[in-house]
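Geometric and topological summary
So the chains spell out like this:
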Amino acid sequence: MAITITDAAAQRVQTFLNNRGKGLGLRLGVKTSGCSGLAYVLEFVDELSEGDQVFEHGEVKVIVDSKSLVYLDGTELDFVKEGLNEGFRFNNPNITGECGCGESFNV
């Protein structure tokens, strides 16, 4: 099982961590939400929890809990800028459908 991180995403995460002044990395997870069932969650991690898997890109760490990894296996975390919009993009091969607004997905 693996999560990959693009150079652009790794640079953005490193910038956030540097500005924050502390943290081991960024947690990528899923929660029940939206009209399709699941939504991505990103949050800073200061200490690891039991069952966490750590994926590294250079010095940047993305941490995923074992329950979320089932839905995220094979996902690529990217950071994109499109015109005035910018944000993280999740290229998840497990998705079988998404809601119309793009806020949630199902597998």
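Notes on the structure in this doc start here. (Residues numbered from 1 in each chain as written. Predicted model: local features only at pLDDT ≥ 70, side-chain atom pairs only at ≥ 80, totals over all residues. Heavy atoms only, no water.)

**Let's talk about the overall build of the protein**
Across its full length, the protein holds two helices and nine strands. Along the protein, from the amino end to the carboxyl end, the secondary structure elements read β-α-β-β-β-β-α-β-β-β-β. By residue count, 33% of the 107 residues in the protein fall in the buried class. Looking at the protein alone, contacts between residues at least 24 apart form 50% of all its contacts between residues at least 6 apart. Total accessible area computed for the protein in this model is approximately 6,400 Å², and 45% of it derives from carbon and sulfur atoms. (Helix = DSSP H or I, 4+ residues; strand = E, 2+ residues; numbered from the N terminus. Buried < 20%, exposed > 50% of the residue type's maximum accessible area, 1.4 Å probe, protein only. Contact = heavy atoms within 4.5 Å. Areas by Shrake-Rupley, 256 points an atom, 1.4 Å probe, with all protein chains shown as cover.)

**Topic: the packing of aromatic side chains**
This model, assessed by the stated rule, comprises three aromatic pairs. Measuring from centroid to centroid gives 6.4 Å for Phe16 and Phe88, while their planes differ by 50 degrees, and the two rings are tilted. With Phe16 in helix α1 (residues 7-20) and Phe88 in strand β7 (residues 85-91), the pair connects residues that are 72 residues apart, well separated along the chain. Geometrically, the ring pair formed by Tyr40 and Phe90 is stacked, given 4.0 Å between the ring centres and 15 degrees between the ring planes. (Phe/Tyr/Trp six-rings, centres within 6.5 Å; stacked < 30°, edge-to-face > 60°.)

**Re the nonpolar core**
Grouped together as the largest cluster of nonpolar side chains are 17 residues, with contacts concentrated most on Ile3, Leu28, Val62, Val64 and Leu72. Elements represented by at least two residues in this core include exactly α1, β2 (25-33), β5 (60-64), α2 (66-72) and β6 (76-82). Setting aside its immediate chain neighbours within four residues, Leu28 contacts Ile3, Tyr40, Val41, Leu42, Val62, Ile63, Val64, Ser68, Leu72 and Phe90. (Core = buried A, V, L, I, M, F, W, Y, C linked by side-chain atoms within 4.5 Å.)

**What to know about α1**
With 14 residues, α1 extends 20 Å between its outermost C-alpha atoms, agreeing within 8% with the 20 Å of an ideal straight helix rising 1.5 Å per residue. Residue Gly21 follows α1 closely and has a positive phi angle near 85 degrees. (Expected span 1.5 Å × (residues − 1).)

**Considering a nonpolar patch on the surface**
Judged by side-chain polarity, Leu24, Leu48 and Val54 come together as a nonpolar surface patch covering roughly 230 Å² of accessible area. Examined against the element boundaries, Leu24 turns out to sit in the loop between α1 and β2. (Patch = residues over 30% accessible without salt bridge, like charges linked within 9 Å, V, L, I, M, F, W, Y side chains within 5 Å. Salt bridge = Lys/Arg side-chain N within 4 Å of Asp/Glu carboxyl O.)

**Details of the pattern of salt bridges**
One pass over the structure, following the stated rule, counts seven salt bridges. Here Lys81 ties to Glu86 by a salt bridge, and the two come within 3.9 Å at their closest N and O atoms. A relative accessible area of 43% places Glu86 in the partly exposed class. One salt bridge in this structure joins Arg89 and Glu82, with 2.6 Å as the shortest N-O distance. Ionic contacts of the salt-bridge type, sharing partners, join the residues Arg12, Lys81 and Glu86 into one network.

These results come straight from atomic positions and should not be treated as a statement about function.
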